[in-house]
Amino acid sequence: MYVAVKGGERAIDNAHAWLAEERRGDPSVPELSLAQIAGQMRLAVNRVMAEGSLYDPELAALALKQARGDMVEAIFLIRAYRTTLPRFGEARPVETAAMACQRRISATFKDVPGGQVLGPTFDYTHRLLDFKLAAEGTPAPAPEAAPGPQHTPHVLGILDREGLIEGEPEGSETPPDLTREALDFPCDRALRLQALARGDEGFLLGLAYSTQRGYGRTHAFVGELRVGMVAVEFEIPELGFAIEIAEIELTECETVNQFAGSKSEPPQFTRGYGLVFGQSERKALSMALVDRALRWRELGEEDTGAPAQDEEFVVAHCDNIQATGFLEHIKLPHYVDFQAELELVRRMRREAAASAAAAASEAAE
Amino acid sequence: MSGHENASGAAGAEAYNFAYLDEQTKRMIRRAILKAVAIPGYQVPFASREMPMPYGWGTGGVQVTAACLTAEDRLKVIDQGADDTTNAVSIRKFFERTAGVKTTEETEQATIIQTRHRIPEAPLAEGQIMVFQVPIPEPLRFLEPRETETRKMHALEEYGLMHVKLYEDISVHGHIATTYAYPVLVEGRYVMDPSPIPKFDNPKLDDSPALMLFGAGREQRIYALPPHTRVQSLDFEDHPFDRGHWDEDCALCGDAGSYLDEVITDDAGGRIFVCSDTAHCRARRQAGHAGAASAPYEEAGA
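The residue numbering used here restarts from 1 in each chain and proceeds along that chain's sequence as written. Written order decides the labels, with chains lettered from A and ligands numbered from 1. Reporting in this predicted model follows two pLDDT cut-offs: at least 70 for local features of residues, and 80 or more for side-chain atom pairs to be given and counted; totals over whole chains, interfaces and linings ignore these cut-offs and use all residues. Just so you know, side-chain values use all the structure's heavy atoms and leave hydrogens and water out.

**Some remarks on the domain arrangement of chain A**
Residue and element names in this part refer to chain A.
Consideration 1: Note that the domain bounds were set by an automatic or database domain assignment. Taken domain by domain, chain A comprises domain 1 (14-24 + 31-82) and domain 2 (96-120 + 150-168 + 183-325).
Consideration 2: Centre-to-centre separation of domain 1 and domain 2, based on C-alpha positions: 27 Å.
Consideration 3: Contacts were defined at the residue level, with two residues in contact if any of their heavy atoms lie within 4.5 Å. On the domain 2 side, the residues contacting the 15 residues of domain 1 number 19 residues.
Consideration 4: By convention, the term buried area covers the 1.4 Å-probe accessible surface removed from two parts as they join, with the contributions of both added. Buried area between domain 1 and domain 2, summed over both chains or domains, comes out near 1400 Å², and the portion from carbon and sulfur atoms is 54%.
Consideration 5: Three residues, E51, Y55 and R79, lead the burial of domain 1 against domain 2; their summed loss comes to 41% of the area buried on that side.
Consideration 6: For this document, the term salt bridge refers to a Lys or Arg side-chain nitrogen within 4 Å of an Asp or Glu carboxyl oxygen. Remark: the boundary between domain 1 and domain 2 carries three salt bridges.
Consideration 7: D200 serves as the salt-bridge partner of R47, at 3.1 Å between the closest nitrogen and oxygen.
Consideration 8: Pairs of N or O atoms are called polar contacts if they sit within 3.5 Å, as long as, within protein, a hydrogen donor faces a hydrogen acceptor (for residues adjacent in sequence, only side-chain-to-side-chain pairs). Between the two partners, domain 1 and domain 2, sit nine residue pairs in polar contact (both at pLDDT 80 or more).
Consideration 9: Helix and strand assignments come from DSSP, with helices taken as H or I runs of at least 4 residues and strands as E runs of at least 2, each series counted from the N terminus. Mapped onto the side of domain 1 that touches domain 2, the elements with two or more residues apiece are α3 (42-52) and α5 (71-82).
Consideration 10: Tallied by class, residues from the side of domain 1 that touches domain 2 come to eight nonpolar, two polar and five charged. In this count, Pro and Cys sit with the nonpolar residues alongside Ala, Val, Leu, Ile, Met, Phe, Trp and Tyr, while Asp, Glu, Lys and Arg are called charged and the others, Gly among them, polar.

See below:
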């Protein structure tokens, strides 16, 4: 006698209760506060904001707490929340030249107007575990300097004045919006940059690295990398002018890439561009390299068939929320499809056995 | 269709709009649905939203259902034919919470049926809407990975590649080796992926009195079969389409004509076959039918 299994509903409720308990961990250990996560796990919070496409450190911290530290899960929570928010309008383009830089470096010139500012970076630390941190980690206060200049000119602007680098090509008047229109190929650069800005850091890092190793090589110099705060301005139609509504932290990377020139154009450097919420340097660099690799058609370069040159491949697969959803959905039941395959394989095996038997009896005769 | 703004479902404590999505988004989806109905089998791009369940879990179907639901609807949700599979339970709960609509397990009672991988055994009726969850809407995708190319192929009705694939199956295996997501030709024009339903269900698509809507969230596509659309499973004159059959009957209700799941009952190779459509199976047992392994029928909750 067989009774079919029931109880999906109770199983789900119980699983969620267990998950909540696991998330909290040992109750004798104090619970993490959002301020602790936002303040001390700031780069994790930055990544959640960047790939979640929502600038809100507190919500990102909440998402990280709820997701038990799983980045992609936290990003997913933020995306699902973001999609329910009403839209009031579009901010004016942010002015990164007016960024209050806490870090600003150029790898192409020894010194640049505005100066090289190292800022808070891991770059020259020795990666030795600091066992003192395991106990407590209140550092001595860092020395302070007077604030830098109000306006830090872009390094690439200097090359531009000489005509050594291509002018920034004009985009369309109103940039397309990836989150409000279905993706359509081929897409323009603005749309690609949007996709890359919220794309998975690991995926973009791998692609950018592949261009460095020869799969769609563009040889990038970091013309400039800057991290700092910029003002977000919003035009209020009733007022007739823009007001500042927020300040956000951004990382901007501009690369200078080789270009051989063509019959019609003298040799000139070309650009790759990366812009990411928060301090996310690896992501901004990766984005700039991939952006540049994807521009091969516009610059009349050869398609070498490298993955980083393939717009459909890159844009269709860089979103980790889409990717993880589709990947993990194979955990859902597939009895019906599997049953159909099972029947087919059994049938084909029967047929193969029958024809083998027939051949054997023929041979015996 | 409007008038639901801010009218959160009765059961929903949260301040979400009726059926979760905002009215602007629902309007955008309804436009895509109307276009899809006007061009049967054609994949209409739509600006799919991030939903609170992951891509691959039926976000396309959920958005289509949300855009079609009214407060008077009665919703049925199935996964693998069953109402009580975990994901079906989760999606049904989602709409109970955000739309406060009535739900049912009985196919005949439902006005909207969201499904993953099956079409119910009970015949559908006029006025019903079937909503399919679609993972990969493009039937040509595994023959040509590029969207720019497959769109061209559809525009030019260039389906030779698909026929060659099916022909190769026959020459290698003796028959077509596609068992689910078996491609169909809609009204003699578009080749369409019926979603990963077993090919056993394909004949139910043809001339159905119900409206069939297909939603692919991650791939941002909606397509449709209006009622009484001609839907042919691709085949050859000398190798006609065969929906397949079982040597067994359902072990619970004795049905010889429904799609069966294989259930492994012990670790000594013991197995029985039971209806994949749980509502169908229960209705038959209620009516007194019995199979080889069936216990006497008891009301659920026992």
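**Description of the confidence of the model for chain B**
All names here are of chain B.
Consideration 1: Confidence scores per residue from the predictor, reported as pLDDT, run from 0 to 100. Per-chain confidence: chain B averages 91 in pLDDT, with 92% of residues scoring 70 or above.
Consideration 2: Across residues 1-13, where pLDDT falls below 50, the model places 24 contacts with residues more than four positions away in sequence or in other chains.
Consideration 3: Here the prediction assigns the complex a pTM of 0.89, and the interface score ipTM is 0.83.

**What about the domain arrangement of chain B?**
Interface size is often expressed as the accessible area that is lost when the parts come together.
Residue and element names in this part refer to chain B.
Consideration 1: Partitioning chain B into structural domains gives domain 1 (23-138 + 181-233) and domain 2 (245-292).
Consideration 2: Distance from the C-alpha centre of domain 1 to the C-alpha centre of domain 2: 26 Å.
Consideration 3: Of the residues lining the interface, 13 residues belong to domain 1; the matching set on domain 2 comes to 11 residues.
Consideration 4: Taken over both partners, the interface formed by domain 1 and domain 2 buries close to 880 Å², and the fraction arising from carbon and sulfur atoms is 50%.
Consideration 5: In this assembly, domain 1 and domain 2 are joined by one salt bridge.

**Let's talk about the pairing of strand β11 (residues 260-264) of chain B**
Residue and element names in this part refer to chain B.
Consideration 1: Relative accessibility thresholds used throughout: buried, under 20% of the residue-type maximum; exposed, over 50%; partly exposed, between the two (1.4 Å probe, protein chains only). When you tally the buried positions in β11, you get four out of five residues, the bulk of the element.
Consideration 2: Summarising the sheet, β11 and strand β12 (residues 271-275) pair through five bridges and their orientation is antiparallel. Following the sheet pairing, D261 is matched in β12 by V274.
Consideration 3: Two strands pair under a simple rule: DSSP has to find at least two bridges between them. Connecting β11 to the antiparallel partner β12 that follows it, the hairpin turn spans six residues, and G269 within it adopts a positive phi of roughly 85°.

**Examining the packing of aromatic side chains**
Consideration 1: Pairing of aromatic side chains requires ring centres within 6.5 Å, counting the rings of Phe and Tyr and the six-membered ring of Trp. Pairs whose planes differ by under 30 degrees are stacked, by over 60 edge-to-face, and all others tilted. Per the stated rule, a full pass over the model turns up 12 aromatic pairs over all chains.
Consideration 2: Ring centres of Y55(A) and F277(A) lie 5.2 Å apart, and the angle between their planes is 80°; on these two criteria the pair is classed as edge-to-face. With a gap of 222 residues between them, Y55(A) in the loop between α3 and α4 (57-66) and F277(A) in strand β4 (residues 270-277) connect regions that are remote in the sequence.
Consideration 3: Under the relative-accessibility criterion, F277(A) is labelled partly exposed at 23%.
Consideration 4: Among the aromatic residues, ring-to-ring pairing joins Y16(B), Y20(B), F94(B) and F95(B) into one connected group.
Consideration 5: Remark: a charge is flagged as sitting over a ring if the NZ atom of Lys or the CZ atom of Arg is within 6 Å of the ring centre and within 35 degrees of the ring normal. The ring of F326(A) is capped by R218(B), whose NZ or CZ atom sits 3.7 Å from the centre of that ring.
Consideration 6: One cation-aromatic arrangement involves R243(B) over F200(B); the distance from NZ or CZ to the ring centre is 4.1 Å.

**Thoughts on the pattern of salt bridges**
Where charged atoms from two side chains of opposite charge approach closely, those side chains can pair.
Residue and element names in this part refer to chain A.
Consideration 1: Taken as a whole and judged by the stated rule, the model has 48 salt bridges over all chains.
Consideration 2: For E31, the salt bridge identified is with K65, shortest N-O distance 2.9 Å. With a gap of 34 residues between them, E31 in the loop between α1 (8-24) and α2 (34-40) and K65 in helix α4 connect regions that are remote in the sequence.
Consideration 3: According to the relative accessible area criterion, E31 is partly exposed, its value standing at 42%.
Consideration 4: The residue R79 makes a salt bridge to D319 at a minimum N-O spacing of 3.0 Å. Residue R79 is found in helix α5, and its partner D319 is found in the loop between α11 (311-317) and α12 (320-328); the two are separated by 240 residues along the sequence.

**Re a negative patch on the surface**
Residue and element names in this part refer to chain A.
Consideration 1: On the surface, E95, E233, E235, E244 and E247 cluster together to form a negatively charged patch.
Consideration 2: Among the elements of the structure, β2 (220-236) and β3 (241-257) are those that each provide at least two residues to the negative patch.
Consideration 3: Inspection of the secondary structure assignment puts E247 in strand β3. Exposure above 30% relative accessible area and the absence of a salt bridge qualify a residue for a patch, where like charges join within 9 Å and nonpolar side chains (Val, Leu, Ile, Met, Phe, Trp, Tyr) within 5 Å. Residue-level accessible areas treat just the shown protein chains as cover; the underlying method is Shrake-Rupley with a 1.4 Å probe. We count Lys and Arg on the positive side and Asp and Glu on the negative side, and we leave His and both chain ends out. Working definition for charges: the position is that of NZ of Lys, CZ of Arg, CG of Asp or CD of Glu.

**Some thoughts on the interface of chain A and chain B**
Consideration 1: On the side of chain B, 61 residues touch chain A, which itself brings 47 residues to the contact.
Consideration 2: For the pair chain A and chain B, the two sides together bury roughly 4600 Å², of which 57% comes from carbon and sulfur.
Consideration 3: Our enumeration of links across chain A and chain B arrives at five salt bridges.
Consideration 4: The salt bridge partner of E50(B) is R79(A), with a shortest N-O separation of 2.8 Å.
Consideration 5: Run the count over chain A and chain B and you get 21 residue pairs in polar contact (both at pLDDT 80 or more).

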